[in-house]
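# Analysis of the macromolecular model
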Amino acid sequence: MKERRLLISFSGGETSAMMTKLIHERWAERYDRIVTVFANTGQENEETLRFVQQCDDAFGWGVVWLEALVDPEAGKGTKHRIVSFATADRAGGVFEDMIAKFGIPGPGFFHCTRELKERPITSYVRSIGWEAGSYDTAIGIRADEIDRVNRDHRAKRFVYPMADWRLRKIDVNEFWASQPPLSRLELNPSPFRLNLKGYQGNCWWCWKKSLRKHLTIMQETPEAFDFPERMEAKYSMAGSNPRNEPKRFFRERRTVADLRHLAATTQFEPASDDAREYQTDLFSPLALDLGGDCDEGCEVNFGEAA
Ligand code: SF4
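In this numbering scheme, every chain counts its residues from 1 along its sequence in written order. Note on the predicted model: pLDDT of at least 70 is required for a residue's local features to be given, and 80 or more for side-chain atom pairs to be given and counted; whole-chain, interface and lining totals, by contrast, use all residues. Water and hydrogen atoms were dropped before computing side-chain values, which therefore reflect all heavy atoms in the structure.

Along the backbone of the protein there are 10 helices and 6 strands. Any two residues having at least one pair of non-hydrogen atoms within 4.5 Å are treated as being in contact. Considering only intrachain contacts with a sequence separation of at least 6, the fraction spanning at least 24 residues in the protein is 70%. Computed with a 1.4 Å probe, the accessible areas rest on the Shrake-Rupley method; for each residue, only the protein chains presented here act as cover. Total accessible area on the protein is roughly 14800 Å²; 51% of this is exposed by carbon and sulfur atoms. Only DSSP runs of H or I with at least four residues qualify as helices, and only runs of E with at least two residues qualify as strands; both kinds are numbered from the N terminus onward.

See below:
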């Protein structure tokens, strides 16, 4: 009988971690082998890296830490390297190698997820003998993000357990708020969870985030934008560039300097921390927020248009 295989792409966020935990609890019989990978972009928040390691230590998933190995030569595909919590890139070298070859990502140029996550993960699974079509891939899209489900998910063998289980953002928040502390010996034990505000997840400054989130992050931690600012100065014309004009990370062709100026001169309501919102309305069972937007998703979609 063929081995029943499941690949879990663990993003390092709380939705993805809850999905991974529930899969191991509920689907251990469904699959003969479950492989959990985390693809580090080099621009993750340190708390994300710590959370990945804490989850692995606590739950024993055997997370494989991957990074993109970009070949600068044209026509040579991105491979993977295996790293660890200790050796994972924090300075952005992985991201910079990708930009040097493919250019600055942003609206209209979606290659960062493809090159930093999808390709290294695919390269890794091939290296362990998993051919295309021989395994399912679990993706952490929730019931309130159902519009992000891939149109070809059946053909691609993508599964969406969080959406199938009708779990929403508030369910994820409640799940992690109820986790016991890692150590009861702490002076002020707090639940074991990702210590980031909702808008700080994924790449710290991710270009997909809303302007409100960018400005909030800029006011709180302006150094988060040092990396994209350096990339703008160095690689604005890199990669395929049919329009022959400088590429920009941010919507409306804003530069980091524009964001710094806006954050310093504009009155705005800061972004709220949606990782700490819990069930408060009586209509929640009717799932009023199903299909809501998500402006900062970086879920892998293996093979979507780049
Ligand atoms: S989190 Fe944002 S910037 Fe980072 S790889 Fe994903 S889409 Fe690109």
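On we go.
Our focus in this paragraph is the packing of aromatic side chains. Here the aromatic set is Phe, Tyr and Trp, taking the six-membered ring for Trp, and pairing holds for ring centres within 6.5 Å; pairs whose planes are under 30 degrees apart are stacked, those over 60 apart are edge-to-face, and all others are tilted. As enumerated under the stated definition, the model contains 16 aromatic pairs in all. Summarising the aromatic geometry, the rings of Phe51 and Trp176 are spaced 5.3 Å apart at their centres and angled 70 degrees between planes, so their arrangement reads as edge-to-face. A residue pair is termed long-range when its members are at least 10 positions apart, and Phe51 in helix H2 (residues 46–59) and Trp176 in helix H7 (residues 169–177) qualify at 125 residues. Residue classification places Trp176 among the buried positions, given a relative accessible area of 0%. Aromatic side chains Trp65 and Phe85 sit 6.1 Å apart centroid to centroid with 75 degrees between the ring planes, which places their arrangement in the edge-to-face category. You can see Trp65 sitting in strand E3 (residues 64–69) and its partner Phe85 sitting in the loop between strand E4 (79–83) and helix H3 (93–102), a full 20 residues away along the chain. When accessible area is computed with a 1.4 Å probe and restricted to protein chains, residues below 20% of their type maximum are described as buried, those above 50% as exposed, and intermediate ones as partly exposed. Residue classification places Phe85 among the partly exposed positions, given a relative accessible area of 26%. Remark: a charge is flagged as sitting over a ring if the NZ atom of Lys or the CZ atom of Arg is within 6 Å of the ring centre and within 35 degrees of the ring normal. Directly above the ring of Trp27 sits Arg30, whose terminal nitrogen or CZ lies 4.1 Å from the centroid.

Looking now at the pairing of strand E2 (residues 33–39). Burial of E2 is extensive: 5 of the 7 residues sit out of reach of the surface. Examined bridge by bridge, strand E1 (residues 5–9) and E2 share 5 bridges and lie parallel to one another. Across the sheet, the residue bridging to Ser9 is Val37, located in E2. At this point the chain moves from E1, through helix H1 (residues 14–26), to the parallel E2, and the crossover so formed is right-handed. When E2 meets E3, the two strands line up parallel, connected through 3 bridges. Residue Phe38 lies in a different strand from E3, and its bridge partner there is Trp65. Tracing the backbone out of E2, into H2 and back to the parallel element E3 gives a crossover that is right-handed. DSSP-based pairing: two strands are paired if at least 2 bridges between them are found. With the strands aimed away from the viewer, a crossover counts as right-handed if its path from the first strand over the helix to the second runs clockwise.

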